Amino acid sequence: MAICDVKGRVVYDSRGNPTVEADVWTERGRFRASCPSGASTGSREASELRDGGPAWHGKGVTKAVENINNVIAPALQGFDAADQADIDAKMKELDGTSVKSNLGANAILAVSMAVCRAGAAEKNQHVSQHIANLAGNAYLVLPVPCFNMINGGVHSGNLLAFQEFMILPVGAASFKEAMQMASETYQSLKTILLAKFGRNAVNVGDEGGFVPPITEAQEALEILVAAIKDAGYEGKIEIGIDPAASEFHIDGKYDLNFKRNDPTKSNWISSAGLSELYESVVDKFPIAFLEDPFGEEDWNAFVSFTARVNIEVVGDDLLCTNPEIISAAIKDKAVNSLLLKPNQIGTLTEAIEAVRLAKSAGWAVMASHRSGETTDDFIAEMSVGLATGRLKSGATCRGERLAKYNQLLRIEEELGSAVRYAGKNHRFLAWS
Ligand SMILES: O=C(O)[C@@H](CO)OP(=O)(O)O
Ligand SMILES: [Mg+2]
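Owing to the predicted nature of the structure, the values given are computational and were not obtained by experimental measurement.

The antiparallel open sheet is built from three strands, whose spatial order is β1-β2-β3. Unpaired on one side and paired on the other, β1 (5-12) and β3 (29-34) mark the two borders of the sheet. Neighbour-to-neighbour, the strand axes of this sheet turn through a mean angle of 25°, independent of strand direction. Where helix α1 (residues 62-76) meets the sheet, its contacts fall on β1 and β2 (18-26), and the angle it forms with β1 comes to roughly 165°.

This paragraph deals with the site of ligand 1. Around ligand 1 sit 16 residues, and of these A39, E164, E207, S371 and K392 come closest. In this structure, K392 approaches ligand 1 through a side-chain N or O atom, which is 2.6 Å from an oxygen atom. Out of a free accessible area of 310 Å², ligand 1 has 100% covered by protein chains. The residue inventory of the shell around ligand 1, partitioned by class, reads two nonpolar, six polar and eight charged.

A few words on the UniProt feature "binding site: substrate" (unreviewed entry) in the protein chain. Sites flagged by UniProt as "binding site: substrate" (unreviewed entry) map to H155, E164, E291, D316, S368, H369, R370, S371 and K392. A residue is classified by how much of its surface remains accessible, and E291, at 0% relative accessible area, is buried. Mapping D316 onto the fold places it in the loop between β12 (312-315) and α9 (323-332). In this structure, D316 is in contact with D242, E291, D292, L339, K341 and Q344, ignoring residues within four places of it in sequence.

Analysis parameters
- Residues numbered from 1 in each chain as written.
- Chains lettered and ligands numbered in written order.
- Predicted model: local features only at pLDDT ≥ 70, side-chain atom pairs only at ≥ 80, totals over all residues.
- Heavy atoms only, no water.
- Pairing = 2+ DSSP bridges.
- Helix = DSSP H or I, 4+ residues; strand = E, 2+ residues; numbered from the N terminus.
- Axes fitted to C-alpha atoms, helices over the stretch in contact; angles between N-to-C directions.
- Contact = heavy atoms within 4.5 Å.
- Near = heavy atom within 4 Å.
- Polar contact = N/O pair within 3.5 Å; in protein donor to acceptor, adjacent residues only side chain to side chain.
- Areas by Shrake-Rupley, 256 points an atom, 1.4 Å probe, with all protein chains shown as cover.
- Nonpolar A, V, L, I, M, F, W, Y, C, P; charged D, E, K, R; others polar.
- UniProt positions renumbered as here; feature names shortened; annotations may be inferred.
- Buried < 20%, exposed > 50% of the residue type's maximum accessible area, 1.4 Å probe, protein only.

Have a look at this one:
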């Protein structure tokens, strides 16, 4: 079904910043998608076009929207919406830069995702099934949800350096059960935090995790383990940590007190010291993965840590969902897992290529939201279609986070036996 129109507009994200939404029209109707936005971004991400200079929050996206309306829309008219790869290639060609800085990765990705929905409608398929077909993946898999329980880093107003402490209900028998386990654990964590720190501790961060007044990872983990136990899920829930260490990697070392903004109170630690800290917590707690344990420029620290520890090491800022960087990381064994964020690369086709590469190297994959989100649930569909095995989309509160989890509940119901919950096998899911 040919594309007859494409329209962009400015909408607002969960941090109250402008972002891009696109409508793609075919004879079947209107298909819509919107683009998220990160705060702890990797320096090699595709370019998010903001008005008046380099990307920064609060700045408008009117130029990116104009690019959809004036450049992308006329060029895509007549394309078959099911031809995702051709359409994505056309938008890359129109942009003409390696980082999509002319048209903006935010403009291109919003259209790319809306086209995918239009293509699914044309094929009379579920969006997740259409994505699986585009990738050549034979198995639809419901991801283990990675819920943000305790927020720190640049996503919160406390002094905790590490950005995200997540729980993974790997022992659930279904996605529905995983949601219930997480919801109950979130409430038991709330009870513990209220008793220990009082009311301010249950304010939430950008992704819905609680923001208690703690500074040490060890303390966050102790509290989380107690919450899991109180909810009755000991042994069924694992923990994931995203220190997002690029944010406190300063002049070659790490400042665990970076949020004080006071050089006299810095708490410096070397890469080696940070590795020891990680190894000590990995030994004590049921930790499934560490994401961005080092700054994106500390490549050698990634390589030696991944070789030494028997744990999943996920690359986010390090890889920026970029097939070229992923290839280099596979060669050097810098990590053993990919964080998949479509807006880091800018088209669905390239995101699929990133996952294909990661899976061919035997890596694990985790699909991810951004800290600034809309209620678009595309990444939920993508996670199922690409069998990523995990999806992190924040806490079990905040509508823009739940939009993804709730869509997975619907997919489980709609697709029935055509889809299975990843559960304990969440790491290594082959496409065929
Ligand atoms: O670091 C991350 O993994 C993400 C999402 O949790 O944060 P941001 O979108 O701010 O980059
Ligand atoms: Mg991250």
